[in-house]
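# A look at the structure
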Amino acid sequence: MLIKVTVENFKSFSEPTEMTMISSTKIQKGTDHRVKIKSTNILKYAVIYGANAAGKSNLIDFFWFLKSTLNDTIPMVATKWFCKCKEENINKNSSFEIQFTIGDKFYAYGFTALLNQRRITSEWLYELYQNGNAKCLFERNEEEKFPHLGEDVKLNKIDEAKFKTYTDDFDGNESILFLTEMNRNKKYSEDSKLVFFKEVYSWLSQNIIIVKPNTSFDNFQYYNDETSLELINKLIKTFDTGIDKVRVEKTGFEEFRKALPPKVFDLVMKDKRNKMAHKSLYSSARMTMRTDKSFFTVTLDDDEPIVSTLKLYHGKSFYDFNFDEESDGTRRIFDLLDMLLNKNDDIIYVVDELERSLHPKLTEHFLELFMNFHKGHKTQLLFTTHEASIMEQKLFRRDEIWFVERDGNNTSNVYSLDKFKERYDKTLSKAYLEGRYGAIPVFSPLPPVKAPAIMLNCTVVSTAASVPGTTPFCRMTYSSVISGTPPARPPITVLPRSSSQLKGTSARPTRNDPSRFVSWPNTTG
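Residues numbered from 1 in each chain as written. Predicted model: local features only at pLDDT ≥ 70, side-chain atom pairs only at ≥ 80, totals over all residues. Heavy atoms only, no water.

## Describing the overall build of the protein chain
As a reminder of what qualifies: Counting from the N terminus, the helices are DSSP H or I runs at least four residues long and the strands are E runs at least two residues long. Relative accessibility under 20% of the residue-type maximum defines a buried residue, over 50% an exposed one, and the middle range a partly exposed one, all with a 1.4 Å probe and only protein chains included. We call two residues in contact whenever any of their non-hydrogen atoms come within 4.5 Å of each other. Using the Shrake-Rupley algorithm and a 1.4 Å probe, accessible areas are obtained, with residue cover drawn only from the displayed protein chains.
When helices and strands are counted, the protein chain shows ten helices and 22 strands. Per-residue burial for the protein chain yields a buried fraction of 48% across its 525 residues. Taking the contacts inside the protein chain whose residues are at least 6 apart along the sequence as the reference set, 62% of them involve residues at least 24 apart. Accessible surface, the protein chain: about 28100 Å² in total, of which carbon and sulfur atoms supply 51%.

Next comes the structure, spelled out in structure tokens:
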């Protein structure tokens, strides 16, 4: 389970900033929102509020950056992710640490890096104890060329030889994490003292699931199991989407090909051919493809793949609906169903903008379902939101509600609602929107706007001669530039050449009529 994260010099976080899932000892309500491991109570939920551009998504990016670096190397896009509020930060180490549990053991893993150089400068892993002590498992720094184990990690001769070989091969590599290197084609026996490398890497890479606004889940296995599909049909009805039944139907391979961009389709087929060539390595010869508006499962076979998709039946409709015919909100619900159906324990979902495309009541309903489905389990949910209506003490404990606020230096600060002394009957959402807790937009008044200069051009024609059958007219030309409201001036009346021309027409001359000497008065020129 996640315990705490600490970040420094990353995006909008300049100084060391932390967020903890340790429960407050002052709050006795919501005991089912805690999991006790040894003597520590760990919260299952964290909801994060803040104004736009306050830094909420940057906290989500902490997890994304950690996993991306762990799975490969520092992403190229992150070279500009140091905190830009100070000039010296470009050459200052950025720091990342995460504390978590595996079973009943507590760990702290972290590293520092110069992001603009994509260079790892230090790395560490500690086992934490309830009495406040810590045991170093391994460490690396800039002064020492090779990573080293902690003094209390005692190896047998076989593991000692392995570790020396691994560190020699690593040879002070500053582009990747040592934890990553120790999981590249490395095998450990169950009784090996080095097995913690595998356990920690596995938890960080597999048990943290990040969901951004446009993330689509691609787990189709629930729809191919009759029991799970029956549960999905029961669940989807509770959201009042109009869908009465979800079923899986085979579709043509050509429809599948057209739904994917050509390059993506080529990659899918390449992956398919690779899996067919190594069937014995895969427990399932089935894969799922999810686009913005499409949902396909492809079962691999010796011949052409078998493609299936979802069909949705609405009550009293004569025909089924395709997945792409549903609303954004309905498709979002299908994306989030995985979070309800996933039976793996000790998972943390990190979600940015959980409420995207959902009605406030649907968001609340989903949260209630999530809490009910994972009651008594170690599953955690950390998410950002703007939805104030779910800021209720009947739904969340005070120590589960967090705020991110940007200060005058454009850096983000993170703090908990628990630091405010609020009664249990307090309407939190009202107090939040009134600004009691901060972390809301603060609008500046619009300064007075000076009216733009206007060029006046008006022409009036004049003649003393009178032509039989016509009306006398005059001409005078003047131009002036004014600012603000035009000064009052006498109206200009222009008559047509002949009063007979008014017959059958409007009495007001049109702007594009060439028979008129001038347009009617126009302050815009």
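## Quick word on the sheet that holds strand β20 (residues 412–416)
This is how it is decided: Any two strands between which DSSP finds at least two bridges are classified as paired. Angles here are taken between N-to-C directions and fall from 0 to 180 degrees, while the axes themselves are lines fitted to C-alpha atoms, restricted in helices to the stretch in contact.
Ordered in space as β11-β17-β18-β5-β19-β20, the six strands form an open sheet in which the pairing is mixed. The open sheet has two edge strands with one neighbour each: β11 (208–211) and β20. Each adjacent strand pair in this sheet contributes to an overall mean axis angle of 15°, direction not counted. Each of β11, β17 (348–351) and β18 (380–384) is contacted by helix α8 (residues 328–341), which is oriented at about 155° to β17, the strand it contacts most.

## Thoughts on the pattern of salt bridges
As a reminder, the rule being used: Any Lys or Arg side-chain nitrogen found within 4 Å of a carboxyl oxygen on Asp or Glu counts as a salt bridge.
Scanning all chains against the criterion turns up 19 salt bridges. Across the salt bridge formed by E174 and R119, the nearest N and O atoms sit 3.4 Å from each other. On the criterion of sequence distance, the pair formed by E174 in the loop between α2 (157–170) and α3 (178–181) and R119 in strand β8 (residues 119–128) is long-range, its members being 55 residues apart. Residue E174 is classed as partly exposed on the basis of its relative accessible area of 34%. One salt-bridge network, in which partners are shared between bridges, spans K11, D61 and K212.

## Side note on the nonpolar core
Counted only if it meets this: The criterion is simple. A nonpolar core is a set of buried Ala, Val, Leu, Ile, Met, Phe, Trp, Tyr and Cys residues joined through side-chain atoms within 4.5 Å.
F63, Y109, F197, L204 and L382 are the most contacted members of the largest nonpolar core, which has 66 residues in total. Setting aside residues no more than four positions away along its own chain, Y109 makes contact with L70, F96, E97, I98, F100, E123, W124, L125, F138, L177, L179 and L204. Core analysis: the second largest hydrophobic core is formed by 52 residues, V211, L340, L341 and Y415 among them.

## Observations concerning the packing of aromatic side chains
Spelled out, the test is: Here is the rule: rings of Phe, Tyr and Trp (six-membered ring for Trp) pair when centre to centre is within 6.5 Å. Planes less than 30 degrees apart are stacked, more than 60 are edge-to-face, and the remainder are tilted. A positively charged side chain is recorded as over a ring if its NZ (Lys) or CZ (Arg) lies within 6 Å of the ring centre. The angle to the ring normal must also be within 35 degrees.
On inspection of all chains with the given rule, the structure shows 31 aromatic pairs. Centre to centre, the rings of Y45 and F370 are 6.2 Å apart; their planes meet at 70°, and the pair counts as edge-to-face. Taken together, the positions of Y45 in strand β5 (residues 45–49) and F370 in helix α9 (residues 360–373) put the pair 325 residues apart, joining distant regions of the chain. For F370, a relative accessible area of 0% puts it in the buried group. In textbook terms, an aromatic cluster arises when at least three aromatic residues are bridged by ring pairs, as seen for F10, F62, F63, W64, F65, W81, F96, Y109 and F111. One residue, K11, lies across the ring of W81, its end atom 4.0 Å from the ring centre.

## Considering the environment of L362
With respect to the helices and strands, L362 occurs in helix α9. C-alpha of L362 to C-alpha of G329: the two residues are 33 residues apart in sequence and 9.4 Å apart in space. Beyond its immediate sequence surroundings of up to four residues, L362 is in contact with F239 and I333.

## Considering α9
For the record, the criterion: Working rule for helices: expected span equals 1.5 Å times residues minus one.
If you check α9, its first and last C-alpha atoms are 20 Å apart, about what 14 residues at 1.5 Å a residue would give, namely 20 Å. Those residues of α9 that fall on the buried side of the exposure criterion are T363, E364, F366, L367, L369, F370 and M371. In this fold, the buried residues of α9 make contact with β5, α5 (226–238), α8, β17 and β18.

## Thoughts on the environment of A134
Here A134 shows up in strand β9 (residues 134–140). The class for A134 is partly exposed, based on a relative accessible area of 46%. The spatial distance from the C-alpha of A134 to the C-alpha of A108 is 9.1 Å, given a sequence separation of 26 residues. When sequence neighbours within four positions are dropped, the list of residues in contact with A134 reads Y126, E127, L128 and Y129.

## Some points on the side chain of E387
To keep things clear, this is the line we draw: Residues scored as positive are Lys and Arg, those scored as negative are Asp and Glu, and His as well as the terminal groups of each chain are ignored.
Within the element layout of this structure, E387 appears in the loop between β18 and β19 (401–406). K361 provides the closest opposite charge to the buried, salt-bridge-free E387, at an N-O distance of 9.6 Å. If near-sequence neighbours (up to four positions away) are discounted, E387 is found in contact with Y49, E355 and P360.

## Notes on unusual backbone geometry
The backbone of K11 shows a phi angle near 55°, a positive value even though the residue is not glycine. Notably, D240 is not glycine yet its phi reads approximately 55°, a positive angle. The topology assignment puts D240 in the loop between α5 and β12 (243–251).

## Examining the pairing of strand β3 (residues 34–37)
Along β3, the buried face is formed by V35 and I37; none of R34 and K36, which line the opposite face, is buried. Relative to strand β4 (residues 40–43), β3 runs antiparallel, the two sharing four bridges. Within β4, the position partnered with K36 by the bridge is N41.

## Some thoughts on the side chain of T79
Rule in force here: Pairing of N or O atoms within 3.5 Å defines a polar contact, subject to two protein rules: one partner must be a possible hydrogen donor and the other a possible acceptor, and residues neighboring in sequence count only if both atoms are side-chain atoms.
Take T79: it is sitting in the loop between α1 (56–71) and β6 (94–102). In this structure T79 comes out as buried when scored by relative accessible area, which is 13%. Looking at T79, its side chain comes within polar contact range of the main-chain oxygen of M76, at 2.9 Å. Once you skip the residues sitting within four places of it in the chain, T79 turns out to touch L115, N116 and R118.

## Concerning helix α4 (residues 195–206)
Each full turn of the α-helix corresponds to 3.6 residues, which orients residues three or four apart in the same direction. Its twelve residues place the ends of α4 17 Å apart at the C-alpha level, agreeing with the 16 Å of an ideal helix rising 1.5 Å per residue. Listed as buried for α4 are V195, F196, F197, V200, Y201, W203, L204 and S205.

## What about the sheet that holds strand β10 (residues 148–149)?
Strand order in the open sheet formed by seven strands is β2-β1-β6-β7-β8-β9-β10, with antiparallel pairing between adjacent strands. What marks the edges here is a single partner per strand, and that holds for β2 (17–20) and β10. Alignment of strand β1 (residues 2–8) against β6, held across six bridges, turns out to be antiparallel. Paired with K4 across the two strands is Q99, which belongs to β6.

## Let's talk about the environment of E97
Note on placement: E97 falls in strand β6. Along the sequence, E97 and F62 sit 35 residues apart, while their C-alpha atoms lie 9.7 Å from each other. Setting aside residues up to four positions removed in sequence, E97 forms contacts with K4, V5, T6, F62, A108, Y109, G110 and W124. Side chain to side chain, E97 and Q99 meet in a polar contact 3.4 Å long. Within the structure, the side chain of E97 is placed 2.9 Å from the side chain of W124, a separation counted as a polar contact.

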